[in-house]
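Fold and geometry: a report
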Amino acid sequence: MKRLTAVLLALVLALSLAVPAFAAEDTDPPLWQEYGFASREECIAYWFDGDESAYQEQVEYALARESWEASMAGEIAAFDADDYWNSGECWQAEYYDSKEAFMEDWLLETEEDFRECLLEEWLDDQWWDYWMAREVERTRAQLGGVAGQVGVMVDGTYVQFPDAVPEVVNGRTMVPCRQVLEAFCGTVTYENGEAVCRLEGVTMRFRDGRDTALLTLADGTETTVQMDVPCYYKNGRTYIPVRFFAEALGCDVLWDGTYDTAVILRRDKITAELDSRFTVLNRFLKAMQSGGAGDHYKTTAKLEGDLTMLDSINGNKSYRFSADMELLASGTTVNFTVKLKMGDLANLMVAAGMMNYEDLAQLAASLKDARLEVIYDGEGGMMYMKVPGLSQLTYGTYADGCWLAMPVTSLTELESAGVTTVGGALYENELAYAKYGTPVLVYRDMMETAGELAAYVGDDCFQSNGGYSVLRYDKADYEAALAAEGGEEYAQWASEFEKLDLELKIAQSGDATFRVLVQNKDSGYGDVVLVDASGSVSAAKVNMQMLLRLKNQFDLSLRYTASTSATTAQPVTAPPAGETVIDPYEGEDPFEYPYEENGSPVPELFA
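In what follows, the accompanying structure is described. (Residues numbered from 1 in each chain as written. Predicted model: local features only at pLDDT ≥ 70, side-chain atom pairs only at ≥ 80, totals over all residues. Heavy atoms only, no water.)

What follows deals with the overall build of the chain. Broken down by element type, the chain carries 20 helices and 27 strands. Burial statistics for the chain: of 607 residues in total, 38% are counted as buried. For the chain, contacts bridging at least 24 residues in sequence account for 52% of all contacts bridging at least 6. Only carbon and sulfur atoms are counted for the fraction: they give 52% of the accessible area of the chain, which is about 35,100 Å². (Helix = DSSP H or I, 4+ residues; strand = E, 2+ residues; numbered from the N terminus. Buried < 20%, exposed > 50% of the residue type's maximum accessible area, 1.4 Å probe, protein only. Contact = heavy atoms within 4.5 Å. Areas by Shrake-Rupley, 256 points an atom, 1.4 Å probe, with all protein chains shown as cover.)

Printed below as a string of structure tokens:
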């Protein structure tokens, strides 16, 4: 059936290329001829992977460039290469010491050559600005925005303003409150000279000229909130600062300078929409959060490993190592201790030429029965570490037994703090990128990313079996996906795995078991690696094992167990009194970036 479908699709494609091709507008000479092909069909098949629409998009781009250059005939005729060279906009003038040096390096023999070269550069810059502006307007129109108008977008949709429109006043984006509130399915009435906005039990009252708003919560609690600008009455509408309004409703607000648009995102609504596709995974994530029920919890864990170096001549050699770990946590404070037994690995490092015997003695002494301690103060944004062998690692800069103090991002400052679901993680990830990208597209990007992820781990990928939700993905699934992308021959060529077998089983309680078996093909170059891992995970216990094999080099076997329970013990936020604490940064801010974000001027409200 698949083969028949492929034949029919090929026939349809062949007919679509043969019949309407001559009616489609093309460049003069045709684009396919400029690309060096014998026919349009051949060009589409080989250069555009059979995608006729992609070919036509390139044609339209070329035609648009031709039309634009025709409209620039006057500017092209008046172009003065020397003026452009001295304008400060010519990158070549910034790079070269002189015009003569540039001409010599670029093999430009005459003034006309110089003019033609700079004219081409200038035209490319002008065209790019024109094309990007056109694309912005095209995208704005597709999203429902109005050219030349300050926009307001709520969850990916532009709010329509039929009469009074938003405006930026003294760096603040002011919006007519009725249209925005109705986009939230709220209502606006006018009572005693005030605009009264009601939404989901919350009431906000605004008065012309006032820089405060009265908020009444669903339980009747009233709060007077200070705004940084007063609202005002204009053209029959009450204008209010959009950021204040949106954040009072628990929304995130971004400013997109390219589109002159305030982007409002209803975090709870969007996250719920995203999470609706990942209820099985979220069941697992929710269960994992209950292991430390109570104010404080403790996790004890053990990692054991056996490393076997393969040697067919001198015989294999095995090295054992282990680590006993303990984690004590409460709120944003975490204490982590690791007892290491890794002195045996020093012999391996010597055998591999990674260190000499003098270093070995010191390393073996520090790792034989080492102890690593970490204190993390999530609220204060500080981390303290006591590292074994510190003197050797820092070439004597710091003495053994000292604590290193390092400022880190506090949990309260992390945008991902409190994220406990797949939808929440997707939301925060896309929001972080949008702040430095294109905010008007953030909602669309969230939905597209969720769709791509759901295709692999969404609810539809799980099958019910014996009380479990089971997700399986194997080599056949992988090669079927490749075939759907590029055909059977492509799948055989592109497949990278000799073995591929993944399974995840999630119980109704949220407990899970997993199995991962992966081995890449032996292509004759590069290493062949096999990974065989399995285990069980619950809120209270973890039991995992993994075998990693690198062909003809080594086998690494790992075993990990952990248990978590509530405890009355409480973690500390700093090293004990009397301990030596060193700040390697010496007062410097490790998070200070030496640059600012480039882009369109941002209204002060959104800075």
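Still more to cover.
Two side chains of opposite charge can pair, provided their charged atoms sit close to one another. A full pass over the atoms with the stated rule returns 33 salt bridges. Of the charged contacts, one joins Arg172 and Asp228 as a salt bridge, the two residues approaching to 3.3 Å between their closest N and O atoms. Highlighted residues: Arg172 in strand β4 (residues 172-176) and Asp228 in the loop between β9 (222-226) and β10 (232-234), separated in sequence by 56 residues. Each of Glu191, Glu194, Arg198, Arg205, Arg207 and Arg210 takes part in a single network of salt bridges with overlapping partners. (Salt bridge = Lys/Arg side-chain N within 4 Å of Asp/Glu carboxyl O.)

The next point concerns the environment of Arg559. Following the sequence through the fold, Arg559 ends up in strand β26 (residues 554-566). Residue class for Arg559 comes out partly exposed when judged on its relative accessible area of 29%. On a C-alpha basis, the gap between Arg559 and Ala533 in space is 9.8 Å, while along the polypeptide they are 26 residues apart. Those residues in contact with Arg559, other than ones at most four positions away along the chain, are Lys302, Leu303, Glu304, Gly305, Asp306, Met544 and Gln545. Of the polar contacts made by the side chain of Arg559, one reaches the side chain of Asp306; its length is 3.0 Å. (Polar contact = N/O pair within 3.5 Å; in protein donor to acceptor, adjacent residues only side chain to side chain.)

It is worth spelling out the sheet that holds β4 at this point. The four strands are arranged β3-β4-β11-β10 in an open sheet whose pairing can be described as antiparallel. Looking at which strands have only one partner, the edges of the open sheet turn out to be β3 (167-169) and β10. Ignoring which end each strand starts from, the neighbouring axes of this sheet average 40 degrees apart. Bridge count between β4 and strand β11 (residues 237-241): three bridges; the pairing is antiparallel. Each bridged residue has a counterpart across the sheet, and for Pro176 the counterpart in β11 is Tyr239. (Pairing = 2+ DSSP bridges. Axes fitted to C-alpha atoms, helices over the stretch in contact; angles between N-to-C directions.)

Right, let's get into a negative patch on the surface. Taken together, the side chains of Glu25, Asp49, Asp51, Glu57 and Glu60 define an acidic patch exposed on the protein surface. By the secondary structure assignment, Glu25 is in the loop between α1 (2-18) and α2 (31-34). On the basis of relative accessibility, which here comes to 56%, the residue Glu25 falls in the exposed class. (Patch = residues over 30% accessible without salt bridge, like charges linked within 9 Å, V, L, I, M, F, W, Y side chains within 5 Å. Lys, Arg positive; Asp, Glu negative; His and termini not counted. Charge placed at Lys NZ, Arg CZ, Asp CG, Glu CD.)

So, about the packing of helix α12 (residues 267-275) against helix α18 (residues 442-457). When two helices pack together, their arrangement is captured by the angle between the axes and the distance separating the axes. Between α12 and α18, the shortest axis-to-axis distance is 10 Å and the interhelical angle comes to 20 degrees. Relative to α18, α12 is oriented roughly parallel. α12 and α18 meet at a crossing whose hand is right-handed. Here Ile270, Glu273 and Leu274 of α12 come into contact with α18, specifically with Tyr443, Met446, Met447 and Ala450. (Parallel < 35°, antiparallel > 145°, perpendicular 65-115°, else oblique. Left-handed = near helix turned anticlockwise from the far one by under 90°.)

The biggest cluster of nonpolar side chains holds 44 residues, and the ones touching the most others in it are Leu265, Ile270, Tyr427, Val440 and Ile506. Those elements giving two or more residues to this core turn out to be β13 (261-265), α12, α13 (279-288), β15 (317-330), β16 (333-341), β17 (370-377), α17 (422-434) and α18. Setting aside its immediate chain neighbours within four residues, Ile270 contacts Asp155, Leu265, Tyr427, Tyr443, Met446 and Met447. One finds Val159, Phe161, Val188 and Phe245 within the second-largest nonpolar core, a separate group that totals 30 residues. (Core = buried A, V, L, I, M, F, W, Y, C linked by side-chain atoms within 4.5 Å.)

A few words now on helix α3 (residues 40-47). Every buried residue of α3 is listed here: Arg40, Cys43 and Ile44. Relative to the axis of α3, the buried residues are bounded by an arc of 95 degrees and lie together on one face. Looking one or two residues beyond α3, the residue adopting positive phi is Asp49, at roughly 50 degrees. (Arc of directions from axis to C-beta.)

Of all the five residues making up β4, five are buried; the element is thus mostly covered by neighbouring parts of the structure. Side chains of β4 alternate between two faces, with Arg172, Met174 and Pro176 and Thr173 and Val175 buried alike. Relative to β4, β3 is paired through three bridges, and the arrangement is antiparallel. Considered in β4, the bridge of Glu167 is made with Met174. Here β3 folds back onto β4 in antiparallel fashion, the turn holding two residues, of which Asn170 has a positive phi close to 50 degrees.

On to the side chain of Lys99, then. By the secondary structure assignment, Lys99 is in helix α8 (residues 99-105). A distance of 3.0 Å separates the side chain of Lys99 from the side chain of Glu111, its partner in a polar contact. Residues within four places of Lys99 in sequence aside, it is in contact with Asp82, Trp85, Glu111 and Phe114.

Any link to function would need more than the numbers given here.
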